[in-house]
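Results of the structural survey
Each chain is listed here by its residues.
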Amino acid sequence: MVERKGRRPADNNVQDVLSTIDNYQSGPVRALAQDPPQNASDARRNRRDEGKVEYVRHNRKDADGSDFTLLTITDSGTTGLDGPMLTLADLERREEEEGELVIRQGENWAAWEAMRYTKAGEDKLGSRGQGKYAYLYHSAHPRPDSEDDPDTQPKNNWRMIILYDTLLESGDYRLGVRYHNPATQVVEPPFENEDAFNVLRNGYSDNGFEIPLGLEPLREIGTRVIIPFLSHEAREAIDSKELHRWLCLEWWRQIQKGLLSITVDCGDGLVEEIGIPAYWTDTPWTSDSDRYFVREKVTDPVACGMIKRFVVCHDEGLDDEGYADYEGNPQ
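Structural notes, computed from the coordinates. (Residues numbered from 1 in each chain as written. Predicted model: local features only at pLDDT ≥ 70, side-chain atom pairs only at ≥ 80, totals over all residues. Heavy atoms only, no water.)

1. Quick notes on the packing of helix H7 (residues 232-240) against helix H8 (residues 242-256)
What describes two packed helices is the angle between their axes and the distance between those same axes. Their axes nearest at 5 Å, the elements H7 and H8 cross at an angle of 75°. In terms of axis orientation, H7 runs roughly perpendicular to H8. Across the interface between the two elements, Ala-237, Ile-238 and Ser-240 of H7 pack against Glu-242, Leu-243, His-244 and Arg-245 of H8. Here the contact of H7 with H8 is built from residues that sort into 3 nonpolar, 2 polar and 2 charged. (Axes fitted to C-alpha atoms, helices over the stretch in contact; angles between N-to-C directions. Helix = DSSP H or I, 4+ residues; strand = E, 2+ residues; numbered from the N terminus. Parallel < 35°, antiparallel > 145°, perpendicular 65-115°, else oblique. Contact = heavy atoms within 4.5 Å. Nonpolar A, V, L, I, M, F, W, Y, C, P; charged D, E, K, R; others polar.)

2. Thoughts on the nonpolar core
Within the largest apolar cluster, 45 residues are counted, with the highest numbers of intra-cluster contacts made by Tyr-55, Ile-227, Leu-247 and Ile-262. Counting residues per element, this core draws most heavily on H8, at 6 residues. Sequence-distant contacts of Ile-227, that is, excluding residues within four places in its chain, are made with Leu-32, Thr-69, Leu-70, Leu-71, Ile-73, Tyr-135, His-138, Ser-139 and Ile-162. Counting 23 residues, the second largest nonpolar core, distinct from the first, contains Val-187, Phe-191, Phe-197 and Tyr-204. (Core = buried A, V, L, I, M, F, W, Y, C linked by side-chain atoms within 4.5 Å. Buried < 20%, exposed > 50% of the residue type's maximum accessible area, 1.4 Å probe, protein only.)

3. Details of the packing of aromatic side chains
A complete count under the given rule lists 12 aromatic pairs for this structure. With centroids separated by 6.0 Å and ring planes inclined at 45°, the aromatic side chains of Trp-280 and Tyr-292 adopt a geometry described as tilted. Here Trp-280, found in the loop between strand E14 (271-273) and strand E15 (292-300), pairs with Tyr-292, found in strand E15; they are 12 residues apart in sequence, far enough to count as distant. Feature note: the residues Trp-252, Tyr-279, Trp-280, Trp-285 and Tyr-292 constitute an aromatic cluster, connected by ring pairs. Cation over ring: Lys-132 sits above Trp-112, and NZ or CZ is 5.6 Å from the ring centre. (Phe/Tyr/Trp six-rings, centres within 6.5 Å; stacked < 30°, edge-to-face > 60°. Lys NZ or Arg CZ within 6 Å of the ring centre and 35° of its normal.)

Below is the structure:
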């Protein structure tokens, strides 16, 4: 049996997650709609082929019989989280040798587990890895071992946990775990192959903390993120179709170009495909119309670059639902 232990990613805690996502433009539901498809788009195996993202809600019962919700977000047509499984010692050694933590091309598993890194060949932003906060934020729930009443327990004392599994082109299978509070850590080493299948089917357990999963392994190359104890906010966003609207507003052009498809399964057996807003469906910039203002190759003096195409649609009867911010105020 492989002995597993938690190892602490650098400068990473529940308050980091809350601060980052609470300050997210237009709110945390938009973060859940933006980051997962972006990951899938960046990781497409063939840049000309379509990537697929599936949001699926699963209803489960906890060990005490109480109901809770899992959300799985799965991408396919992608590379999966391939590359070497670098340990904390590996990452610390690299940071010491190079003066900063650099994640190299193809080290996708390491990029998922690391924080505060620079990606080789890209701008040295020094803050990579925060995209996974969009998942962690929506797993937040009161800590069952806390002495505080769940209704009054401060949110920065809540527990956050995500699991992530991947099927690689080699046929190898990996499953990782990251949780924050009572410890902030990544489980090392990850579960592999049959051990991963066992966790997916039977659940994850750690020192009396158990999460029933009841999931089957992936059958297509790609990655799945499992968000247990899905937040009330995210559940409401699925039921009200707010998540669907943000997915449409963020990703309609990629969908239109055949580079991405996104579906949402609310857990009721009905799978809905995210479409294209009616006012952009027929690519109106390709024909003249009084409703549309179109300019091609516009010079941007601020960015000192070129905007490929600028399109404005004006219609007095146009429904502006979805363009209001998350507090209900028009932008």
